[in-house]
Amino acid sequence: MKKSIANPFKGVTVKDWVLSLQHMFAMFGATVTVPMVVGMSVPLALLSAGVGTIIFYFLTKKKVPVFLGSSFAFMPGLITVYAQAQGDSAAFSYNAVALAAMLALVVAGLIYVIFSFVIKKVGVHKIKKLFPPIVVGPVIIVIGMNLAGSIFWNNIVVNAVNVPADAWKYWTTAIITALTIVIINAFAKPKSFLKVVPVVLGFLVGYIYGMAVGIVDLDPNSATFVYKNTAKGIIVIFQQAKEVWGFWGAWNELNGALIGTAMISIAPIAVVTFMEHLGDISANSTVCNKDFMVDPGLNRTVLGDGVATIASAFLGGPANTTYGENTAVLAITKNYNPRNIFIAACFAVVLGLFVPFGEFISGIPGAVVGGACIVLFGMISANGLRALVDGKVDFGNTKNMLVVAITLSVGLGLGALSLAGSITNNHALKIGFEVSHGQGFVEISPLAIATLLAIILNLIIPNRKETSEEEETASENAQFTLMANVNEAEEIAKEETDSTAAECECKCTCGCAEHAEAATEPEQEKSNE
């Protein structure tokens, strides 16, 4: 007898639709920021995020309310690859670099899949010991700081240099966007929805200001007109399939240098995002009061993340990762139904299919994105510091000091040189090597070098100082995330737990008839079950 396929939308209420829209807006700002900074397709990023989340939803048995959006950790590598198709002296076509990035992201997804099988076989604790806070913390700091330098140049300074008379427009647009995000974050109530959409609102205010000062091109006769495809009657993305997915036909443009740069710059970052995944799933479990590492199991969540990243790569989108923004929505709304995340993913897919919407987002001025990223990338580095604090890292321990110091010095130093090399087009400032037969230069990502170095130093430097039990526990329980919302979500959940505990204590001790009756209700319900 054939099993009937359950309708995932059956029984969906108006409240569910509203909650799903909240989740969609919560992930939106960060998800579109990645492709805008890198130079990828914004519609494909939304489409990929939606498809990836749907895959994750089913692979985790519809039990884990997690949205997968564009990963910030892979941005340095993607910027390195896509930069080779930019400028008048571009070494490769856009389709060629997109194809190389796709192959590298597929490998990163496969690393996730391997991790999932290893976890199932040996458990997560043995793997986590390879990536303590002294390894992951400084690597996260390097990610944020290197991205900050890149965003200042590419989105703000270069425009001011090219058009000095309009420099004030770009700087003020970036500053106003950043201030909007800061003000909303600082003054919005902890449990309000404004707290999870500051980036979206920052984009909106920055875009309006950009229009006012004239850095948004709305002239239909201009070569840089934003809505040129919409003006031609192209409404759905499939109408421009050849342009959007043209990278699938660029196999003959690939060479060893391009593939080597993509693989070295992108694939190793899966190690960092794996640790971020552990932190996000742990935070999600805390907020929902369910241990998702046990049911459906960490191996399934990691597998879902990996397969979603592979699917995103095939579609031409960036790598996917679990989003703390949506964990914050769960904590605020107290609605933990995974189906709402599934519906939000469907919304993302629909938005990604419509060309006018994608062109509107792509038309957001670079200075607006730059202003938002000043805050976002700073938050990434701050979360690296927080990982060291939460892990109670003892900097009186020589090993800890050396691992963190060398990782930061190498990662930030080489990152600055790499940016200088990109600005001046001087390979001598970058770490890498020339490929024979004039195929080009293979750059070894500063982030990849710093990550590998941190892991090796942690393994080979002896620990001369005995680690206390408190430090071991803190290191084991330390959570790694690139965005702040996960920590805020946990704090909200903790407040709710403390409040509930206090209320229960009142019920148990005050002795009044009303509270005595209320205290017996959970036991009666359990008995009825």
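I will try to describe carefully the structure that is included in this document.

About the cut-offs
- Residues numbered from 1 in each chain as written.
- Predicted model: local features only at pLDDT ≥ 70, side-chain atom pairs only at ≥ 80, totals over all residues.
- Heavy atoms only, no water.
- 1 Å grid on protein atoms, 1.4 Å probe; cavity = no way out; pocket = protein on both sides within 12 Å on 5 of 7 lines; lining within 4 Å.
- Points joined across faces, edges and corners; volume = space filled by probe spheres on them.
- Nonpolar A, V, L, I, M, F, W, Y, C, P; charged D, E, K, R; others polar.
- Phe/Tyr/Trp six-rings, centres within 6.5 Å; stacked < 30°, edge-to-face > 60°.
- Helix = DSSP H or I, 4+ residues; strand = E, 2+ residues; numbered from the N terminus.
- Buried < 20%, exposed > 50% of the residue type's maximum accessible area, 1.4 Å probe, protein only.
- Arc of directions from axis to C-beta.
- Contact = heavy atoms within 4.5 Å.
- Salt bridge = Lys/Arg side-chain N within 4 Å of Asp/Glu carboxyl O.
- Axes fitted to C-alpha atoms, helices over the stretch in contact; angles between N-to-C directions.
- Parallel < 35°, antiparallel > 145°, perpendicular 65-115°, else oblique.
- Left-handed = near helix turned anticlockwise from the far one by under 90°.

1. Structural notes on empty space enclosed by the protein
A complete count under the given rule lists two cavities of 30 Å³ or more for this structure. A volume near 40 Å³ is recorded for the second largest cavity. Phe131, Val135, Val136, Val139, Val271, Val272, Thr451 and Ile455 together form the lining of the second largest cavity. Tallied by class, the residues present in the lining of the second largest cavity amount to seven nonpolar, one polar and no charged.

2. Thoughts on the packing of aromatic side chains
Counted by the stated rule, this structure contains 14 aromatic pairs. Seen from their ring centres, Phe58 and Phe342 are 5.9 Å apart, and the 80° between their planes marks the pair as edge-to-face. With a gap of 284 residues between them, Phe58 in helix H2 (residues 42-59) and Phe342 in helix H15 (residues 338-353) connect regions that are remote in the sequence. Accessibility expressed as a relative area gives 44% for Phe58, which makes it partly exposed. Among the aromatic side chains, those forming a connected cluster through ring pairs are Phe247, Trp248, Trp251 and Phe314.

3. Here we look at helix H16 (residues 355-362)
If you check which residues of H16 are buried, you get Val355, Gly358, Glu359 and Ile361. Around the axis of H16, the buried residues are gathered within 160° of arc, so they sit on the same side. On its buried face, H16 sits against helix H1 (14-38), H2, helix H9 (228-231) and H15.

4. With respect to the pattern of salt bridges
Overall, the coordinates contain five salt bridges when judged by the stated rule. Two residues, Asp390 and Arg386, come together in a salt bridge whose shortest N-O distance is 3.3 Å. Linking Asp390 with Arg386, this pair stays in helix H17 (residues 366-390), spanning four residues, or about one helical turn. Note on Asp390: relative accessible area 36%, which makes it partly exposed.

5. A look at unusual backbone geometry
Across the junction of Asp295 and Pro296, the peptide omega takes the value 15°, indicating a cis bond. Note on placement: Pro296 falls in helix H13 (residues 293-315). In this structure, Lys62 is a non-glycine residue whose phi angle is positive, near 60°. When you line up the elements, Lys62 lands in the loop between H2 and strand S1 (68-70). Classification of Lys62 by relative accessible area gives partly exposed; the value is 39%. Look at Lys392: it is not a glycine, yet its phi comes out positive at around 50°. Relative accessible area serves as the criterion here: at 42%, Lys392 is assigned to the partly exposed category.

6. Structural notes on the packing of helix H3 (residues 75-82) against helix H4 (residues 94-122)
Remark: H3 packs on H4, axes separated minimally by 9 Å, with the N-to-C direction vectors making an angle of 150°. Considering the angle they form, H3 stands roughly antiparallel to H4. Relative to H4, the crossing made by H3 is right-handed. On H4, the residues that touch Leu78, Val81 and Tyr82 of H3 are Tyr94, Val97, Ala98, Ala101 and Leu105. When grouped by side-chain class, the residues that make up the contact of H3 with H4 number eight nonpolar, no polar and no charged.

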